[in-house]
Amino acid sequence: MDDVAAWFLWLYKTTGIKLTIFYDSYDRARFVEGFVTTIKLSAYCLVLSLLLGAVAAWLAGSRIAIVRRAINGFVALFRNTPPLVQLYFFYFALGPLLPRVGGSPLLGSFGWAVVSLTLLETAFAAEILRAGIEAVPKAMVEAAESLGYSRGQIFRKVELPLALRVTMPAMTNNLVNLVKTTTLAYAIAVPELLYMSAQVWSEQVNVPEMMIVLLVCYVAIVGIINEFMRWLEVRLRVPGFGQ
Amino acid sequence: MSAAGPSQGANCAPSGGSAAAKAASVGAPRSAAGPSQGVARSAWVRGGLRVMHAPARVPTRDGRCTLVGVRTGIALLVVFAASVAIAQVQAPVGKPSVVELLIKWTPLLAGGFLFNLLISVFAMLAGTVAGVLLGFARISPAAPVRGASWTVVQFFRNAPWLVLLFFVMFLMPFELHVGGTTIPFPDWIKATFGLALPIMANMAEIVRGAVQSIPTAQWEAARSLAFSRRQTLWKIILPQCVKRMLPPWMNWYAILTMATTLASIVGVSEVMTLTGRITNAEGRTDLLIPIYSYVLLWFFAYCYPISVWTRRLEARYAER
């Protein structure tokens, strides 16, 4: 670690390439915090949006017309308005309405970022899952019905597992987009990767270097996600379905 | 909405600061897994060299979509109206009402919104031209060209839009000296350029996907008729591609339009910046929900018709 730090210090002194995050402990701590926050934000939104998306996809197939319409409306609303405006709407317009607990707001900027991004991603996940559910052969549902499964059981044990497999590529895209959309949280001062990098580059005046580090970081995260999802896709493949 | 597979599900999917619907790129290998893709493709394949005939009009199932959209619009309107009404009731005595404020600021907001649209149109133009060229490089017979363009495409598709925007804002010069003349690059031009980059990469994938979805027999037939590669591409392949590139292209336009609000973060005075300034200037917390839902409504009114139209085109082309 010290060698790396020394090397980057040497790099700065000889070439002027200023990568403070590798040798300045304060900058490094900030950068790492930003990285961790980005990962945390993505992970929370991913889990919540998958759960809510599954619920929404289930409700979209409901027998009650008004529920179906409400879900359709929700999906159309979140997909056809800018995410940044949604984020501002939640943070600036709804935020002040929440009760304060012990002098501090109930939901901070991180909390609102989670809420806003989760709802956005839920809309996408619901739409993708619904398409996947429609791709499940009718005969399979009928077979499950004839075996005495209830509607909820069919959804949980037949439709959803198959839909998840079919929609894996679309889900990968969705996940990648989620990670990229977390940069929006910068706008409401969530200390994520972009925000922390901006702090570093405004103090150290090393914009080009930090920019490149930042881009490499995101491309690396996305690359890892892609590889992992491809692995998962192969792992979960069911013979004779979806090929 | 879409009764078809996930690839279409991810279409008309304006996910914001980011590149939604990579699946939108026609026939890109990763997105081809959707069940509908296969159906759509086999329907396309039937066209063959005759594809250039006008498409037969078939009734589509978009009636439902339009209805849902109208309902959502109504729901958004209701939120807007309700928030205005509540704010109206709670308005402090002796101050202008929320409705008056909204009317007062509408011209300014409209100007800002038009500026967003201007940015989106220019970015789309630049992104499309560059993207088509990059797409040609992606299917070039020369391996190094293919490899290099692959790297460029992957890089710009997988980097967050906001980061790219920062990249361009900070690293592009604010003016350029060519000979004796100085070409200035104001903020919004730089933002336009920054937004065009991801569009370029995604257009390249759309072009590649579309060209590759044309049956090889077309190439072979053209060859046997002594067309050169360039002639084949321009006169036989591309005319067939335009039709299948159009829906994802429009989809990306909707995504881009919504992404133009990102420019506010890097200091361009577009509609979000103006909204922020208005709320600051008025200093009225009861104005917040009405004004933000007002802006949401504007974007919805602009983007939703595009999304419906895209779906309609898609359905029409798929069912041929």
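Being a predicted model, the structure only gives us computed values, none of them experimental. (Residues numbered from 1 in each chain as written. Chains lettered and ligands numbered in written order. Predicted model: local features only at pLDDT ≥ 70, side-chain atom pairs only at ≥ 80, totals over all residues. Heavy atoms only, no water.)

Participant: What am I meant to see in the overall build of chain A here?
Facilitator: When its secondary structure is counted, chain A shows 11 helices and two strands. Of the regular secondary structure in chain A, the N- to C-terminal order runs α-α-α-α-α-β-β-α-α-α-α-α-α. Against the globule reference of 18 Å for 243 residues, chain A gives a C-alpha radius of gyration of 22 Å, more extended than a compact globule. Each of the three principal axes of chain A carries a C-alpha extent, and together these read 75 × 50 × 30 Å. Residue burial in chain A is summarised as follows: out of 243 residues, 51% are buried. Intrachain contacts of chain A at a sequence separation of at least 6 include 73% that bridge at least 24 residues. Positive and negative side-chain charges in chain A, numbering 20 and 16 respectively, have mean positions lying 10 Å apart. (Helix = DSSP H or I, 4+ residues; strand = E, 2+ residues; numbered from the N terminus. Rg over C-alpha atoms; globule rule 2.2 N^0.38 Å. Buried < 20%, exposed > 50% of the residue type's maximum accessible area, 1.4 Å probe, protein only. Contact = heavy atoms within 4.5 Å. Lys, Arg positive; Asp, Glu negative; His and termini not counted. Charge placed at Lys NZ, Arg CZ, Asp CG, Glu CD.)

Participant: Would you mind going over the overall build of chain B with me for this structure?
Facilitator: When its secondary structure is counted, chain B shows 11 helices and two strands. Each helix and strand of chain B, placed in order from N terminus to C terminus, yields the pattern α-α-α-α-α-α-β-β-α-α-α-α-α. Counting across all 320 residues of chain B, residues that qualify as buried make up 55%. Summarising the internal contacts of chain B: among those between residues at least 6 apart in sequence, 78% fall at separations of at least 24. A total of about 13,500 Å² of accessible surface is found on chain B, and carbon and sulfur atoms cover 70% of it. (Areas by Shrake-Rupley, 256 points an atom, 1.4 Å probe, with all protein chains shown as cover.)

Participant: Mind showing me how you'd approach the nonpolar core here?
Facilitator: When a protein is soluble and globular, its nonpolar side chains tend to lie buried together. Among the nonpolar cores identified, the biggest contains 136 residues, and Leu194 and Trp201 of chain A together with Trp161, Phe166 and Leu262 of chain B are the most heavily contacted of them. Counting residues per element, this core draws most heavily on helix α11 (residues 288-318) of chain B, at 15 residues. Excluding its chain neighbours within four sequence positions, the residues that come into contact with Leu194 of chain A are Thr183, Tyr186, Trp201, Leu214 and Tyr218 of chain A together with Leu162, Val163 and Phe166 of chain B. (Core = buried A, V, L, I, M, F, W, Y, C linked by side-chain atoms within 4.5 Å.)

Participant: When you look at the pairing of strand β1 (residues 175-178) of chain B in this model, what are you seeing that I'm missing?
Facilitator: Strand residues, when the strand is regular, have side chains that alternate between the two faces of the sheet. Residues and elements named next belong to chain B. Bridging between β1 and strand β2 (residues 181-184) involves four bridges; their strand directions are antiparallel. From the neighbouring strand, Leu176 faces β2, where its bridge partner is Ile183. Connecting the antiparallel pair β1 and β2 is a turn made up of two residues, with Gly179 showing a positive phi of about 60 degrees. (Pairing = 2+ DSSP bridges.)

Participant: I tried to follow the side chain of Ser197 of chain A on my own but got confused; where do I start?
Facilitator: Residue and element names in this part refer to chain A. Relative to the helices and strands, Ser197 resides in helix α10 (residues 193-204). From its side chain, Ser197 meets the backbone oxygen of Leu193 in a polar contact 2.7 Å long. If sequence neighbours within four positions are ignored, Ser197 has contacts with Phe31, Met210 and Leu214. (Polar contact = N/O pair within 3.5 Å; in protein donor to acceptor, adjacent residues only side chain to side chain.)

Participant: Mind showing me how you'd approach a nonpolar patch on the surface here?
Facilitator: Residue and element names in this part refer to chain B. A cluster of nonpolar side chains, namely Leu118, Val121, Phe122 and Leu125, defines an oily patch on the protein surface of about 340 Å² accessible area. Relative to the elements of secondary structure, Phe122 occurs in helix α4 (residues 98-138). A relative accessible area of 39% means that Phe122 is categorised as partly exposed. (Patch = residues over 30% accessible without salt bridge, like charges linked within 9 Å, V, L, I, M, F, W, Y side chains within 5 Å. Salt bridge = Lys/Arg side-chain N within 4 Å of Asp/Glu carboxyl O.)

Participant: For this particular structure, what's the right way to read unusual backbone geometry?
Facilitator: Phi is mostly negative for residues that are not glycine, and the peptide bonds are mostly trans. The phi dihedral of Val205 of chain A is positive, around 50 degrees, even though this residue is not glycine. Along the chain, Val205 of chain A falls in the loop between α10 and α11 (207-236). Of note, the phi angle at Ala226 of chain B is positive, near 70 degrees, even though the residue is not glycine. By the element assignment, Ala226 of chain B lies in the loop between α8 (216-224) and α9 (229-259).

Participant: How do you make sense of the packing of aromatic side chains when you look at a structure like this?
Facilitator: All names here are of chain A. Scanning the model with the defined rule gives 28 aromatic pairs over all chains in all. Judged by centre distance (5.0 Å) and plane angle (70 degrees), the rings of Tyr91 and Phe92 are edge-to-face. Its relative accessible area of 32% is what places Phe92 among the partly exposed residues. (Phe/Tyr/Trp six-rings, centres within 6.5 Å; stacked < 30°, edge-to-face > 60°.)

Participant: Got a minute to help me understand the environment of Ser25 of chain A in this structure?
Facilitator: All names here are of chain A. Topologically, Ser25 is positioned in helix α3 (residues 25-60). For Ser25, a relative accessible area of 52% corresponds to the exposed category. Placed 20 residues apart in sequence, Ser25 and Ala5 show a C-alpha to C-alpha distance of 9.6 Å.

Participant: Looking at this structure, how should I read the pattern of salt bridges?
Facilitator: It is possible for side chains of opposite charge to pair when their charged atoms get near one another. Residue and element names in this part refer to chain A. Applying the stated criterion across every chain yields a total of seven salt bridges over all chains. Salt-bridge contacts for Asp27 lead to Arg30; the nearest nitrogen and oxygen are separated by 2.8 Å. Within this pair, Asp27 and its partner Arg30 are both found in helix α3, separated by three residues, close to a single helical turn. Looking at Asp27, the relative accessible area reads 1%, which means it is buried. Classification of Arg30 by relative accessible area gives buried; the value is 6%. Measuring nitrogen to oxygen at the nearest pair gives 3.9 Å for the salt bridge that ties Arg230 to Glu227. Of this pair, Arg230 and Glu227 both sit in helix α11, three residues apart, which is roughly one turn of that helix. The exposure class of Arg230 is partly exposed, given its relative accessible area of 39%. You can call Glu227 partly exposed: its relative accessible area is 48%.

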